[in-house]
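# Descriptive structure summary
Chain residues, written in single-letter form:
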Amino acid sequence: MTSDNLITEGLTGLEEVAPDILSLRTLFVNVVFIGETGSRNWVLVDTGMARFTDYIVQVATERFQGPPSAIILTHGHFDHVGTVIELEQFWGVPVYAHPLEIPYLTGLKDYPPADPSVGGGLMSRLSFAYPNEAINLDDRIFSLPKDHSVPGLSGWEWVHTPGHTPGHVSLFREADRLLIAGDAIITVKQESLWSVLLQDKQLHGPPSYFTTDWQAAHQSVQHIRHLEPKLAITGHGHALSGDMLSESLKRLDLDFEESTVPDHGKYVD
Ligand SMILES: [Zn+2]
Ligand SMILES: [Zn+2]
């Protein structure tokens, strides 16, 4: 499939979230370009669905002067690492993730399979077909620095936001309180096909069919709430900002047990 086809078929979307932040949707998952237009210094966060390699390279080539300094992965689920092996080879740049996520990125550990019984939507029921096997970046994947700095970026820190996966991270820039949340919080009800197609804008907890530790997931929502982000770009759905973001974070935290943790399921008890 060519990039032009992808665009015309509505499988992608570009959102300029801040002057140096571009969010690109690959089918139903976002990748984020951090860096000003024309810059040589930039970083890619997550790599989206497979088959979008050419499109990501095209957007990068139009916007920047050269390859990124690094690729940062919020976690290793198939829909966030779909193009990482090809991009790493194409650009020859280091890839970083949390140490607890690295076994899933070096072929040592597979994620537990998705639980199609939670969430009650078609995307959930189809999730038995989502790949859960580890990919293998071998010696091209590195641990994020212990001091919480983000390689290739100044003014950013990585924040451990586990629950959805053990080594899930979000990225935070204090200067404008901008958060790249990965799947710790998302703004579509990812379990529902309708919600995904319409890309409705409502804050939700992590996609439930893949979330294995709900207590940690709740603590991560609290952690994010305490960061008081002004703008959040999430792994799925549109960016959310301002009062709508703070109010929704508060509600998500307070109602987490009722609104978000599935009543029953493989990973609930
Ligand atoms: Zn995920
Ligand atoms: Zn995801």
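Residues numbered from 1 in each chain as written. Chains lettered and ligands numbered in written order. Predicted model: local features only at pLDDT ≥ 70, side-chain atom pairs only at ≥ 80, totals over all residues. Heavy atoms only, no water.

Per an unreviewed UniProt entry, the chain goes by the name Glyoxylase-like metal-dependent hydrolase (Beta-lactamase superfamily II) and belongs to Paenibacillus xylanexedens.

With that out of the way, let us pick up the coordination of the zinc ion (ligand 2). Protein coordination of the zinc ion (ligand 2) is provided by His-80 (NE2), Asp-183 (OD) and His-236 (NE2), with donor distances spanning 2.1 Å. Along the chain, the residues donating to the zinc ion (ligand 2) fall in the pattern H-x102-D-x52-H. Between the zinc ion (ligand 2) and the zinc ion (ligand 1), the interatomic distance is 3.3 Å, and Asp-183 donates to each metal, bridging them. Placement of His-80 in the loop between β5 (70-72) and α3 (84-91) and of His-236 in the loop between β11 (231-234) and β12 (240-241) is noted, with a sequence separation of 156 residues between them. As far as burial versus exposure is concerned, His-80 and His-236 are alike and both buried. (Donors = N, O, S within 2.8 Å, 3.2 Å for Na, K, Ca; no water. Helix = DSSP H or I, 4+ residues; strand = E, 2+ residues; numbered from the N terminus. Buried < 20%, exposed > 50% of the residue type's maximum accessible area, 1.4 Å probe, protein only.)

What follows concerns empty space enclosed by the protein. For the structure on display, the rule yields two cavities of 30 Å³ or more. Of the voids in this model, the largest cavity is the one considered here, and its volume is about 50 Å³. As for the largest cavity, its lining consists of Asn-30, Val-32, Val-45, Asp-46, Ile-180, Gly-182, Ile-233, Thr-234 and Gly-235. Secondary-structure elements contributing two or more residues to the lining of the largest cavity are β3 (29-34), β10 (178-182) and β11. Residues that form the lining of the largest cavity fall into these classes: four nonpolar, four polar and one charged. What the second largest cavity holds in volume is close to 40 Å³. If you trace the second largest cavity, you find it lined by Phe-28, His-77, Phe-78, Asp-79, Tyr-130, His-164, Asp-183, Pro-207, Tyr-209 and Phe-210. (1 Å grid on protein atoms, 1.4 Å probe; cavity = no way out; pocket = protein on both sides within 12 Å on 5 of 7 lines; lining within 4 Å. Points joined across faces, edges and corners; volume = space filled by probe spheres on them. Nonpolar A, V, L, I, M, F, W, Y, C, P; charged D, E, K, R; others polar.)

Our focus in this paragraph is the sheet that holds strand β6 (residues 95-97). Taken in spatial order, the seven strands line up as β1-β2-β3-β4-β5-β6-β7 in an open sheet, and their pairing is mixed. Edge positions in the sheet fall to β1 (12-18) and β7 (141-143), since each has one partner strand and no second. The mean inter-strand angle of the sheet, taken between neighbouring strand axes irrespective of direction, is 25 degrees. For strand β4 (residues 43-45) and β5, the ladder comprises three bridges, and the chain directions are parallel. Bridge pairing in β5 links Val-45 to Ile-72. Relative to the sheet, helix α2 (residues 53-63) contacts β1, β2 (21-26), β3 and β4, its axis offset from that of β2 by approximately 160 degrees. Together, β4, β5 and β6 form the strand contacts of α3, whose direction differs from that of β5 by roughly 165 degrees. (Pairing = 2+ DSSP bridges. Axes fitted to C-alpha atoms, helices over the stretch in contact; angles between N-to-C directions. Contact = heavy atoms within 4.5 Å.)

On to the packing of α2 against α3. The packing of two helices is summarised by the inter-axis angle and the distance between the axes. One can describe the packing of α2 onto α3 by two numbers: an axis separation of 10 Å at closest approach and a directional angle of 45 degrees. In terms of orientation, α2 lies oblique with respect to α3. Crossing angle aside, the handedness with which α2 passes α3 is right-handed. Where α2 approaches α3, its residues Thr-53, Ile-56, Val-57 and Ala-60 are matched on the opposing element by Glu-86, Leu-87, Phe-90 and Trp-91. (Parallel < 35°, antiparallel > 145°, perpendicular 65-115°, else oblique. Left-handed = near helix turned anticlockwise from the far one by under 90°.)

Here the focus is the nonpolar core. With 37 residues, the main nonpolar core has Phe-33, Leu-44, Ile-56, Ile-71, Leu-73 and Trp-91 as its most contacted residues. Elements that contribute at least two residues to this core include exactly β2, β3, α2, α3 and β6. With five residues, α2 is the largest single contributor of residues to this core. If sequence neighbours within four positions are ignored, Ile-71 has contacts with Leu-44, Thr-47, Val-84, Leu-87, Glu-88, Trp-91, Val-93, Pro-94, Val-95 and Tyr-96. (Core = buried A, V, L, I, M, F, W, Y, C linked by side-chain atoms within 4.5 Å.)

We now examine the side chain of Ser-127. Structurally, Ser-127 can be placed in the loop between α4 (122-125) and β7. Of note is the side chain of Ser-127, whose polar atom sits 2.5 Å from the backbone oxygen of Ser-124. Residues within four places of Ser-127 in sequence aside, it is in contact with Ala-114, Asp-115, Pro-116 and Tyr-209. (Polar contact = N/O pair within 3.5 Å; in protein donor to acceptor, adjacent residues only side chain to side chain.)

Moving on, we get to the layout of surface pockets. Looking at the largest pocket, its volume works out to about 410 Å³. Along the walls of the largest pocket sit 24 residues, with Leu-203, His-204, Gly-205, Ser-259 and Thr-260 positioned nearest its centre. Of all the elements in the fold, those that place two or more residues in the lining of the largest pocket are α7 (242-254) and α8 (256-260). Of all the elements, α7 adds the most residues to the lining of the largest pocket, at four residues. Within the lining of the largest pocket, the residues separate by chemical class into nine nonpolar, nine polar and six charged.

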